[in-house]
Amino acid sequence: DYEVHEDDRLISVARRLDFERCAIFAAYEDDQRVGGAIVAPGEIYEASAETAVLIDLRVAPDRARRGIGTALFAAAKEWARA
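A quick note: this is a predicted structure, and the numbers were derived from the prediction, not measured.

Caption draft 1: Looking closely at the confidence of the model for the chain. Taken over all residues, the pLDDT of the chain has a mean of 86, while the share at 70 or more is 83%. When the elements of the chain are averaged for pLDDT, helix α1 (residues 10-15) gives the smallest value, 69, and helix α2 (residues 68-81) the largest, 96.

Caption draft 2: View of α2. The end-to-end C-alpha separation of α2 is 20 Å, in line with the 20 Å expected for 14 residues at 1.5 Å each. Within the span of α2, buried status applies to Ile-68, Leu-72 and Ala-76. Across the axial projection of α2, the buried residues extend over an arc of 70°, all falling on one side. Away from its buried face, by an angle of more than 90 degrees, α2 presents the exposed residues Thr-70 and Arg-81. Taken together, the buried residues of α2 touch β1 (23-29), β2 (32-41) and β3 (52-59).

Caption draft 3: Focus on the sheet that holds β3. On the basis of which strands lie adjacent, the open sheet formed by 3 strands has the order β1-β2-β3 and antiparallel pairing. Two strands close off the open sheet at either side, each with one partner strand: β1 and β3. Taking each pair of neighbouring strands and ignoring which way they run, the sheet shows an average axis angle of 15°. Of the strand pairs in this sheet, β2 and β3 are connected by 7 bridges, and their pairing is antiparallel. Within β3, the position partnered with Ala-37 by the bridge is Leu-57. Most of the contacts of α2 go to β3, to which it runs at about 160°, and overall it touches β1, β2 and β3.

Caption draft 4: Main features of the nonpolar core. Membership of the largest hydrophobic core is limited to 10 residues, which are Ala-23, Phe-25, Ala-27, Val-34, Ala-37, Val-39, Leu-57, Ile-68, Leu-72 and Ala-76. Elements with a minimum of two residues in this core: β1, β2 and α2. Discounting chain neighbours no more than four positions away, the residues touching Ala-76 are Phe-25, Val-39 and Leu-54. Grouped together as the second largest cluster of nonpolar side chains are 5 residues, Leu-17, Cys-22, Ala-40 and Ile-55 included.

Caption draft 5: Structural context of the pairing of β1. Sheet topology note: the β1/β2 ladder contains 7 bridges and is antiparallel. Counterpart to Ala-26 in the pairing with β2 is Gly-36. Here β1 folds back onto β2 in antiparallel fashion, the turn holding 2 residues, of which Asp-30 has a positive phi close to 55°.

About the thresholds
Residues numbered from 1 in each chain as written. Predicted model: local features only at pLDDT ≥ 70, side-chain atom pairs only at ≥ 80, totals over all residues. Heavy atoms only, no water. pLDDT = per-residue confidence, 0-100. Helix = DSSP H or I, 4+ residues; strand = E, 2+ residues; numbered from the N terminus. Expected span 1.5 Å × (residues − 1). Buried < 20%, exposed > 50% of the residue type's maximum accessible area, 1.4 Å probe, protein only. Arc of directions from axis to C-beta. Contact = heavy atoms within 4.5 Å. Pairing = 2+ DSSP bridges. Axes fitted to C-alpha atoms, helices over the stretch in contact; angles between N-to-C directions. Core = buried A, V, L, I, M, F, W, Y, C linked by side-chain atoms within 4.5 Å.

Written as structure tokens, this is what we have:
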């Protein structure tokens, strides 16, 4: 449960990031958002510039096991490669 600890809440994560350099992905079914992911360049986390860091990946619990997380991860990986 990502929301149990204050530091893990998405709003807390957002306050620590430079979103101009990050990629944000959202997954929708019909008009409802069912998942999302945030990816940052590696140097934001003191890693190599040739890397990327998956900051967050979430899928609504009632939409689990439908491939949404896999699709979000694939989009994050493609962004990192580019």
